[in-house]
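Coordinate inspection notes
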Amino acid sequence: MIRTLRVDGRGECTRGGEEQIALWQQDSDSRIWIDLCGGDPQAEEQTLLALGCHPLAVKDALRERHPPKLEEFPDFTFILYRGIAHFDDELNHQGQPIAFFVGQRCLITRHPQSARSIERLYSEDGEHFLAKGSTFLALRIMHLSAGIYLDNLLAFEALLSDLEDNLLQGGNDQHMRELVAYRSRLVKLRRMFNYHKNITDELRAGEYQMFPEEESLSHVITDLHDRFERLHSLAQMFYELCGDLVDAYISITSHQLNSTMRVLTVITAIFVPLSFLAGLYGMNFDYIPELKIENGYFILLGVMGVLSVALIWMFRRMRWL
Amino acid sequence: MIRTLRVDGRGECTRGGEEQIALWQQDSDSRIWIDLCGGDPQAEEQTLLALGCHPLAVKDALRERHPPKLEEFPDFTFILYRGIAHFDDELNHQGQPIAFFVGQRCLITRHPQSARSIERLYSEDGEHFLAKGSTFLALRIMHLSAGIYLDNLLAFEALLSDLEDNLLQGGNDQHMRELVAYRSRLVKLRRMFNYHKNITDELRAGEYQMFPEEESLSHVITDLHDRFERLHSLAQMFYELCGDLVDAYISITSHQLNSTMRVLTVITAIFVPLSFLAGLYGMNFDYIPELKIENGYFILLGVMGVLSVALIWMFRRMRWL
Amino acid sequence: MIRTLRVDGRGECTRGGEEQIALWQQDSDSRIWIDLCGGDPQAEEQTLLALGCHPLAVKDALRERHPPKLEEFPDFTFILYRGIAHFDDELNHQGQPIAFFVGQRCLITRHPQSARSIERLYSEDGEHFLAKGSTFLALRIMHLSAGIYLDNLLAFEALLSDLEDNLLQGGNDQHMRELVAYRSRLVKLRRMFNYHKNITDELRAGEYQMFPEEESLSHVITDLHDRFERLHSLAQMFYELCGDLVDAYISITSHQLNSTMRVLTVITAIFVPLSFLAGLYGMNFDYIPELKIENGYFILLGVMGVLSVALIWMFRRMRWL
Amino acid sequence: MIRTLRVDGRGECTRGGEEQIALWQQDSDSRIWIDLCGGDPQAEEQTLLALGCHPLAVKDALRERHPPKLEEFPDFTFILYRGIAHFDDELNHQGQPIAFFVGQRCLITRHPQSARSIERLYSEDGEHFLAKGSTFLALRIMHLSAGIYLDNLLAFEALLSDLEDNLLQGGNDQHMRELVAYRSRLVKLRRMFNYHKNITDELRAGEYQMFPEEESLSHVITDLHDRFERLHSLAQMFYELCGDLVDAYISITSHQLNSTMRVLTVITAIFVPLSFLAGLYGMNFDYIPELKIENGYFILLGVMGVLSVALIWMFRRMRWL
Amino acid sequence: MIRTLRVDGRGECTRGGEEQIALWQQDSDSRIWIDLCGGDPQAEEQTLLALGCHPLAVKDALRERHPPKLEEFPDFTFILYRGIAHFDDELNHQGQPIAFFVGQRCLITRHPQSARSIERLYSEDGEHFLAKGSTFLALRIMHLSAGIYLDNLLAFEALLSDLEDNLLQGGNDQHMRELVAYRSRLVKLRRMFNYHKNITDELRAGEYQMFPEEESLSHVITDLHDRFERLHSLAQMFYELCGDLVDAYISITSHQLNSTMRVLTVITAIFVPLSFLAGLYGMNFDYIPELKIENGYFILLGVMGVLSVALIWMFRRMRWL
Ligand SMILES: [Mg+2]
Ligand SMILES: [Mg+2]
Ligand SMILES: [Mg+2]
Ligand SMILES: [Mg+2]
Ligand SMILES: [Mg+2]
Ligand SMILES: [Mg+2]
Ligand SMILES: [Mg+2]
Ligand SMILES: [Mg+2]
Ligand SMILES: [Mg+2]
Ligand SMILES: [Mg+2]
Ligand SMILES: [Mg+2]
Ligand SMILES: [Mg+2]
Ligand SMILES: [Mg+2]
Ligand SMILES: [Mg+2]
Ligand SMILES: [Mg+2]
Ligand SMILES: [Mg+2]
Ligand SMILES: [Mg+2]
Ligand SMILES: [Mg+2]
Ligand SMILES: [Mg+2]
Ligand SMILES: [Mg+2]
Ligand SMILES: [Mg+2]
Ligand SMILES: [Mg+2]
Ligand SMILES: [Mg+2]
Ligand SMILES: [Mg+2]
Ligand SMILES: [Mg+2]
Ligand SMILES: [Mg+2]
Ligand SMILES: [Mg+2]
Ligand SMILES: [Mg+2]
Ligand SMILES: [Mg+2]
Ligand SMILES: [Mg+2]
Ligand SMILES: [Mg+2]
């Protein structure tokens, strides 16, 4: 599906389809945002090439998986961004590549599925940003997208804090499994945010034609970079917190195991000798003199009591009880 | 709440409210410190914009959560600092954003809650620093704030040292839980201090209009940077020490568990065969020749004694006893 | 075995053997790709020296093991690349050194075994790249080879994800052994990819004669570098994920061990005192008054029941059951 | 206490007290070393200010705790160094700040307690270094101090090697506690050495007035830097070795625990079924036919023997024995 | 012992002792290699100073322990290299400092014990390298020495691979102790290789008088640097592999312990209740009605059978069997 948002020389804005491209080409004062979403890859390739995009960039734009990147081409600055197809509080996420071709008078975006940041800008205030320049529109889309990532990461913070409390107050396997899953997702997020951060880092240097060193632009890029940097820094911090929790949990479990084993050992150590004595006097030998002693049973009970008390006293002294 | 501290051309200092702003605007030799604390965000936004602050900076200043940052704007250098709303020895802390708009003749600070460093300077010697320049006042506020952080971290050092002693002399779960909580807080502090350190690192380069390369200023910035660097370095060190303690505790617990298990094993290994023998001669078979042997009972006791001694000797040789 | 692919001044392409070298030397408009594969090292050394390769480069090219490297020589840029002799989804891999001598009008490749990337280019579209320049052909070979690495790494991702699920749902030793083997292989891959990344990093600087700063070339080098960087980043990420799984597995196992021990302790703690009581009344003392009490047996059963319930209630309160 | 070492224009050296300062101020060819040790801080502050030291530097010099630093002031280069008040082989150490004010014709040192490096230079060959320049004297003091650190660290190496042997041949808790204490001390030393290393790193750049880029000076600074770098590198290495030992000890303990548990399990697994059989035939049922069988007792003994052998054979096959 | 290798203006080579130094000093076209091995330190100091070596360099050259370094002096470039006194496959190694004074027409080497690389060059083809320049000879000695390190590290790789297999198929304490020893040795090797790598890194910059930026020299330095870099990278990789093995071994041992404990628990859980029942009916109460029931014994056996089956079924469902 191709949809377009065209702003003409007088600032009038029209939303439409493929047909607006010709109008835009005729009017050198107009600007256009061409959004390709969920179309047939081969048709999209034709469209992009017809619009003058470099074949190597088009190839990258149409790949299903490719890390985010930034590359300069004759008429366009090409940005491959990792947008959000799905994301929830538990950090389950599914990304999608969003390709930006940032040209002088046009912005071309291409993505396989619907993207919330693009939807919002297309239906609401995209024209204001396009009027300022295609560069501003591209940066705005990424800014909105990064904001969605940020909301989800901050929601995750609360979840992680709860998990910490649960784990430390006698966690179970399920909590550990969640933690492992979070770590695995955070590693992947951190890697992606790192790529994004590198993109704005390079844009700040002002060496890309569509991103010259201008004051108005530089604040917007800095803002976006701060957001990417914060995402990376949060992902890294949450990853470390998860790792520390795993270590802590091992440590607490070891300690509890030790306590458990002491209980077992104490019980065994007290009753096993007593049971042995009972077994001894349950034997059927013809001649066991103790069995004939008057009050032998009560004497044995006394011996057993003394033995128990001695053992308990010993364990107390060893600080096992 | 808006309060102001104005120093006029002759060095006279007046404390007051919003009304002093007009006086300051009329007298081009005067300087002013405008402090916005705990007011209505929308009203504060209006005030800041009216004072000529850049909309993007105002937006950042009013956010509830944003990492510390430094950014140059036409009339102001904007610093977002993470001040202290609450902090105790156990590193429980709650931060609050303190926004600084550092201009030629004025310093605007904005923060949602009362801040000790700002209170002290407003009520005591803020005018001396304002007289030297708004830059000096801003740096002084951060310097005092960093000093409070530092006092708390150094107080924590003693606490950590006690915890180390406790853990190594038979710690319990509660100690481990404390340690985990400290690590989690230290990770967050370290991240914040890192942002602060980056701010003074950039200020030292002398590329910000309000922080030119002058000798008097450079010593003050270096002093503040040393403090931030020290905070970061201490947080990092305490974090590593906590992690090492977790590792050490796992190791000691493993060793104790091993000792416990050896006791259990030795007791079991000695008594179980003896009990088996007793059980054997407690059976009711019609014909068990040993039961008829003269002194059979005493012979069995002898066999049991020999067996015990042999087992104990064996465990000694295995260094289990 | 020596085989050659020659493109003459009119763009005609001929595949052949050693005999084409003389033809190429006579026609200064022609270009040639000389591929030495699996021949006798001494003969290959002679051939390479005869073609004007530097003795130090030839020595490196013929080594069985040498890390990838890039070095400038008078007539050639020498690249030692680690190609693939064998690779499977489980990351079992066996490399082989592929030496590239990139000259003005010729590319010489040397490798001990057959290499898929070279086979494909020699039999299919090598002439197109050779026509653009020997540099392009060399980069293309590495690009194809890196693509094979990438396919295998991405196939491994699925395998790792399965392993994660298996491990967390009650893994066994076999899973752990696999994980250890993967980590060991990933460390080696990561090291190799790091060397490759460094090669393209240096090529990008444009300081090598055969790799000047030209736009067409720079996109191709960037593309190859992106691939190497991605391989390195994936290997690093998989390595970290494997390490996190080991930690997680230790943690889960500790927890399960603790649960197991509690079951053991509870059973022991309940039955051992009961068995002791039974043993006590199995003794053959002449006078044990309880044995004579009417319904003594049932009273004892009642005492045992009460004891069991009390112990179970106690373990419940300790959250062991 | 103030003591001075003055070298006049003809190279004559006099040791004395405060009174020499006036003599030095009169003779512009003379040089002086003023050492303030263990005096009253307020008096020292007055002295330092009177000698022309910058108030900010004096403040830092008199602090009880401050990380090492290097700062340029109008007449002095200020170095805050962490000297040794006490140090032993077990890395117990107590530092003290030594402040250096390095001026054109004078060196002022200030420290709260006696310092071995300063004692040695004051009483022995301090005048030779002062004659070459106050810079050389300051560097020499730090060089001697670093040498003392180095001797202690190298003595610790032997101690660590012994600890490694002890731990691996069945360590005890005491060894682990020592290791933990060493790690904690090494972390603190490493941090301090890092600050020292940074000081000489900056001095090497030749941007400090008192440390210009001259050949004779540059060798001395390099020598000192090598020493600091070596201290840092050794502290880091020992720290890693200690950490590896903790990991190794956990691993060995786990393995030993496993062996212990196998012994316990084997004993239990063999005797528990046998004891059950014995208990079975110790029951007092009116009719238990086996008890009447001729040689029933010996048949049971045979069954028990076969059972034992079978279990032992099974454990052998499982490699538990 | 002093031995010399002199090459005169016509390329004639003579091996001899101290007496050749005078001949070399007279003939300004000749070059000399002076090797000091295992002599008296004081005599060596005199010799070195007489040859014009800088006192600071001589001091470093004669130290027993000093990390490798590179320093420029008026007439010599001074290199302190860590050579091999002893090295075996298990990474047991003992180093020795080899000092190089690289001058225009002479190379002086000094080392306390015999060094294989020096022996080989002195007895075989040292003259070829000396003829090219003392720089080439010095680099060649280090190249040979690094080659010996490399052979040993690669031999260790096979050993480590065997250890990995052994550990994963039920290792024992001895294997763990070996691993710990290897890690400790690798840490020390890695540190040393890092210093060596830094030396060639600096040499490559071409800022040392005896190592100017010439093509022939630059290839030789690059070759040596590649070797040092490879040694460092291998030591680092082996260290990480050893650490991963320790982690893996802990993990596998934990899992095996868990299995062991399950066996123990299952046996205990099945037999303890049965034994209790047997004990119950072994009591000597006057009135136990069950004992009188016809076939009471067989009914009890049936109950015991049902109980066992139920417990086994339960453990199956819990996946413990
Ligand atoms: Mg990454
Ligand atoms: Mg990262
Ligand atoms: Mg990266
Ligand atoms: Mg960051
Ligand atoms: Mg780590
Ligand atoms: Mg960890
Ligand atoms: Mg951070
Ligand atoms: Mg940090
Ligand atoms: Mg940062
Ligand atoms: Mg730092
Ligand atoms: Mg530090
Ligand atoms: Mg750790
Ligand atoms: Mg860690
Ligand atoms: Mg590497
Ligand atoms: Mg790497
Ligand atoms: Mg590298
Ligand atoms: Mg990377
Ligand atoms: Mg790990
Ligand atoms: Mg540090
Ligand atoms: Mg460091
Ligand atoms: Mg530092
Ligand atoms: Mg270092
Ligand atoms: Mg680490
Ligand atoms: Mg560790
Ligand atoms: Mg090092
Ligand atoms: Mg290193
Ligand atoms: Mg180093
Ligand atoms: Mg490396
Ligand atoms: Mg490391
Ligand atoms: Mg580890
Ligand atoms: Mg680690």
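Conventions used here
Counting from 1, residues in each chain are numbered in the order their sequence is written. For this description, chains carry letters from A and ligands carry numbers from 1, given in the order in which they are written. Where totals are concerned, whole chains, interfaces and linings use all residues; where local detail is concerned, this predicted model gives features only for residues with pLDDT of at least 70, and gives and counts side-chain atom pairs only at 80 or more. Each side-chain value is derived from all of the structure's non-hydrogen atoms; neither hydrogens nor water enter the calculation. Strands are runs of DSSP state E lasting at least two residues, helices are runs of H or I lasting at least four, and both sets are numbered from the N terminus onward. Taken over C-alpha atoms, the radius of gyration is set against a globule rule of 2.2 Å times the number of residues to the power 0.38. Only protein chains enter the accessibility calculation, which uses a 1.4 Å probe. A residue is then buried if its area is under 20% of the maximum for its type, exposed if over 50%, and partly exposed in between. For this analysis, residues touch if any pair of their heavy atoms sits within 4.5 Å. To measure how exposed things are, a 1.4 Å probe is used in the Shrake-Rupley method; for residues, cover is taken only from the protein chains shown. The predictor attaches a confidence to each residue, called pLDDT, with possible values from 0 through 100. Accessible area that two parts lose when put together, with a 1.4 Å probe and added across both, is what the buried area reports. A carboxyl oxygen of Asp or Glu within 4 Å of a side-chain nitrogen of Lys or Arg is what we treat as a salt bridge. A least-squares superposition brings the copies together, and it is based on the C-alpha atoms of residues with pLDDT no lower than 70 in both. Under the rule applied, a polar contact is a pair of N or O atoms within 3.5 Å (in protein, one hydrogen donor and one hydrogen acceptor; residues adjacent in sequence only if both atoms are side-chain atoms). One bridge is not enough; two strands pair if DSSP finds at least two bridges between them. Axis definition: a line fitted to C-alpha atoms, limited for helices to the stretch in contact. Angles are taken between N-to-C directions and run from 0 to 180 degrees.

Bringing the overall build of chain A into the picture now. Along the backbone of chain A there are nine helices and seven strands. Computed over C-alpha atoms, the radius of gyration of chain A comes to 35 Å, more than 25% over the 20 Å expected from 2.2 N^0.38 for 321 residues, which places it beyond the range of a compact globule. Overall, the C-alpha framework of chain A stretches about 125 × 40 × 30 Å when taken along its three principal axes. Looking at the 321 residues of chain A, the share that counts as buried comes to 58%. Relative to all contacts within chain A whose residues are 6 or more apart in sequence, the contacts with residues 24 or more apart total 63%. Surface accessibility of chain A: about 13000 Å² in total, with carbon and sulfur atoms responsible for 50%.

This part is about the confidence of the model for chain A. With 100% of its residues at a pLDDT of 70 or more, chain A has an overall mean of 90. For this predicted complex, the interface confidence comes out at an ipTM of 0.77, alongside a pTM of 0.80.

Right, let's talk about unusual backbone geometry for a bit. Peptide bonds are, in most cases, trans, and in most cases residues other than glycine have a negative phi. Residues other than glycine seldom take positive phi values, yet B:Asn295 does so here, at roughly 60°. If you trace the backbone, B:Asn295 turns up in the loop between helix H8 (215-280) and helix H9 (296-317). Even without being a glycine, E:Leu91 presents a positive backbone phi close to 70°. Residue position: E:Leu91 is located in the loop between strand S5 (77-87) and strand S6 (93-102). In this structure E:Leu91 comes out as buried when scored by relative accessible area, which is 0%.

Here we come to the interface of chain D and chain E. With 52 residues of chain D at the interface, the matching set in chain E holds 57 residues. Of the roughly 4700 Å² buried between chain D and chain E on both sides combined, carbon and sulfur atoms contribute 62%. Of all residues in chain D, D:His219, D:Phe276 and D:Phe285 bury the most surface against chain E, accounting for 14% of the area lost on that side. The tally of links between chain D and chain E comes to six salt bridges.

The operation relating chain D to chain E is a screw motion whose rotation component is 72°, with 0.1 Å of axial translation and a residual RMSD of 0.2 Å. Such values leave the two copies arranged in the relation of a five-fold axis. Across chain D, the smallest distance between a C-alpha and the rotation axis is recorded for D:Gly282, namely 5.0 Å.

Here we come to the arrangement of the chains. Regarding chain B and chain C, the two do not touch, and the least distance separating their C-alpha atoms is 9 Å. In this assembly chain A lies apart from chain D, the nearest approach of their C-alpha atoms being 9 Å.

Glancing now at the interface of chain B and chain D. Chain B puts 52 residues into the contact, and the matching count from chain D is 57 residues. Regarding the contact of chain B and chain D, the summed buried area is about 4700 Å², with carbon and sulfur atoms giving 62% of it. Among the residues of chain B in contact with chain D, B:His219, B:Phe276 and B:Phe285 are the three that bury the most area, contributing 13% of the side total. In this structure, B:Asp286 engages D:Lys292 in a salt bridge whose closest nitrogen and oxygen atoms are separated by 3.5 Å. On inspection of chain B and its partner chain D, the count reaches 19 residue pairs in polar contact (both at pLDDT 80 or more). Residue assignment for the side of chain B that touches chain D shows that the elements contributing at least two residues are helix H6 (134-168) and H8 of chain B. Take the side of chain B that touches chain D: its biggest share by element is 36 residues, from H8(B).

Residues and elements named next belong to chain E. Along S6, seven of the ten residues are buried, which leaves the element largely enclosed by surrounding structure. Sheet topology note: the S5/S6 ladder contains ten bridges and is antiparallel. Bridging across to S6, Ile-79 finds its partner in Phe-100. A loop of five residues connects S5 with S6, the two strands running antiparallel in sequence, and Leu-91 in this loop sits at a positive phi of about 70°.

All right, on to the sheet that holds S5(E) then. All names here are of chain E. Spatially, S2-S1-S3-S7-S6-S5-S4 is the arrangement adopted by the seven strands of the open sheet, whose pairing is mixed. Two strands bound the open sheet, and with one partner strand each, they are strand S2 (13-16) and strand S4 (69-72). Geometrically, the sheet is characterised by an average inter-axis angle of 15° between neighbouring strands, direction not taken into account. On top of the sheet, helix H6 (residues 134-168) reaches strand S3 (31-37), S5, S6 and strand S7 (106-111); it is set at about 30° to S5, its chief contact.

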